[in-house]
Amino acid sequence: MSRTSSMGRGIMAVLAAASRQAQGLPGGTVAEIAADLGKDRSQVSRSLRTAEQEGFLQRTPYRTFTPDWSVMTDALVLTRRRLATDGAAALDALSRQTDEACYLGVLSGDSTVTIAESVPDSTELVGSWIGRPYPAYCSDAGQALLWEASDDEVRGIFSRVDFVRHGPNTPVDVADFLERLAAARSRGYSVVDEAAEPGLYSLAVPVRDFKGDVVAALQIVGPKSRLEPKQQMCAEALVDKGNWLQSRLGHA
């Protein structure tokens, strides 16, 4: 007797239908999916009907079952909401723990844009970065947001970008940026040392969603003279809060 639960059988049926569509096929009939899974046709039929009723699959005019992408749309909407609400909670906790300005940024073309921030009074920073773009090749969030991008993808993003110097350590070209990105991946977090502007120091980690895609970067930003001496402590807090935020977005 099979030890697989009814939920497990349902998930297997949904994945089998999605796999057929990924191969360019119009989903699969009950018989085709049962054959793919090596399972009894009546059992697979029940699983497919249940998945259809719950909105995970839809039936086409060709009597095949394909994924109902409205589920993905709903999941993406929920992810954006949680990024806003849980992102704010992560920023506030990180800011209290480190007593530094903390930000949440996203990628927009070849720039990064801050979407949330938590700035303690002790930093004496004036003004807000929310909604303001900054070149990704030297911004505090740039490396973290391109964490999963291939070298070719990075080159494509910066193909029309002039690497203007914003600080004494601004990357001079794409190759320089890729070297720093590789070092950040090895370290587990990025360090942007006077690349965005003189005297500015920042740490950042990528934030992934339920698909494993990087959807944001969590950052700690401050004067180099203050932040660099406590880099290890801040980095540990940053990684911890980044992992928590990822879990809230469904990343395993």
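Remember, it's a predicted structure, so these values are computed and weren't measured experimentally. (Residues numbered from 1 in each chain as written. Predicted model: local features only at pLDDT ≥ 70, side-chain atom pairs only at ≥ 80, totals over all residues. Heavy atoms only, no water.)

Asks: Please explain the sheet that holds strand β8 (residues 214-223) as it appears in this structure.
Replies: For sheets, the rule is that strands pair by backbone hydrogen bonds, running either parallel or antiparallel. On the basis of which strands lie adjacent, the open sheet formed by 6 strands has the order β5-β4-β3-β8-β7-β6 and antiparallel pairing. Bordering the open sheet on either side are β5 (133-135) and β6 (190-193), each of which pairs with just one other strand. In this sheet, adjacent strand axes meet at a mean angle of 35° when their direction is disregarded. Alignment of strand β4 (residues 111-118) against β5, held across 3 bridges, turns out to be antiparallel. Following the sheet pairing, T112 is matched in β5 by Y134. (Pairing = 2+ DSSP bridges. Helix = DSSP H or I, 4+ residues; strand = E, 2+ residues; numbered from the N terminus. Axes fitted to C-alpha atoms, helices over the stretch in contact; angles between N-to-C directions.)

Asks: How should I be thinking about the pattern of salt bridges in this particular structure?
Replies: Oppositely charged side chains are able to pair whenever their charged atoms sit close together. This model, assessed by the stated rule, comprises 14 salt bridges. Between E32 and R20 there is a salt bridge, and its shortest N-O distance comes to 3.5 Å. Residue E32 is located in helix α2 (residues 30-37), and its partner R20 is located in helix α1 (residues 6-22); the two are separated by 12 residues in the primary sequence. Put simply, R20, E32 and D36 are held in one network by salt bridges that share partners. (Salt bridge = Lys/Arg side-chain N within 4 Å of Asp/Glu carboxyl O.)

Asks: Explanation requested: the nonpolar core in the structure shown.
Replies: Buried together is how nonpolar side chains tend to be arranged in soluble globular proteins. In terms of nonpolar packing, the biggest core is built from 25 residues, with L94, L104, L203, L218, I220 and L238 touching the most fellow members. When residues of this core are traced back to their parent elements, those giving at least two are α4 (70-98), β3 (101-108), β4, β7 (200-208), β8 and α9 (231-248). Considering each element in turn, this core owes the most residues, 5 residues, to α9. Once residues within four sequence positions are removed from consideration, L238 is found in contact with L94, L203, A204, V205, L218, Q219 and I220. Counting 21 residues, the second-largest nonpolar core is a separate cluster that includes Y103, A149, V154 and L178. (Core = buried A, V, L, I, M, F, W, Y, C linked by side-chain atoms within 4.5 Å. Buried < 20%, exposed > 50% of the residue type's maximum accessible area, 1.4 Å probe, protein only. Contact = heavy atoms within 4.5 Å.)

Asks: Please clarify how the state of the cysteines should be interpreted in this entry.
Replies: Tallied over the entire structure, the rule returns 0 disulfides. Free cysteine: C102, not disulfide-bonded; nearest cysteine sulfur from C234 at 8.0 Å. (Disulfide = S-S within 2.5 Å.)

Asks: How should I be thinking about the packing of aromatic side chains in this particular structure?
Replies: Two aromatic rings, taken as a pair, are described by how far apart their centres are and by the angle between their planes. Taken as a whole and assessed by the stated rule, the structure comprises 5 aromatic pairs. Their ring planes at 80° and their centres at 5.7 Å tell us that F158 and F163 sit as a pair that is edge-to-face. Considered together, F158 and F163 belong to a single accessibility category, that of buried residues. Each residue in the set Y137, F158, F163 and F177 is aromatic and connected to the rest through ring pairs, giving one cluster. Note that R132 overlies the ring of W129, its terminal NZ or CZ placed 3.7 Å from the centroid. Here the basic side chain of R187 rests over the ring of Y189, its NZ or CZ set 5.6 Å away from the ring centre. (Phe/Tyr/Trp six-rings, centres within 6.5 Å; stacked < 30°, edge-to-face > 60°. Lys NZ or Arg CZ within 6 Å of the ring centre and 35° of its normal.)

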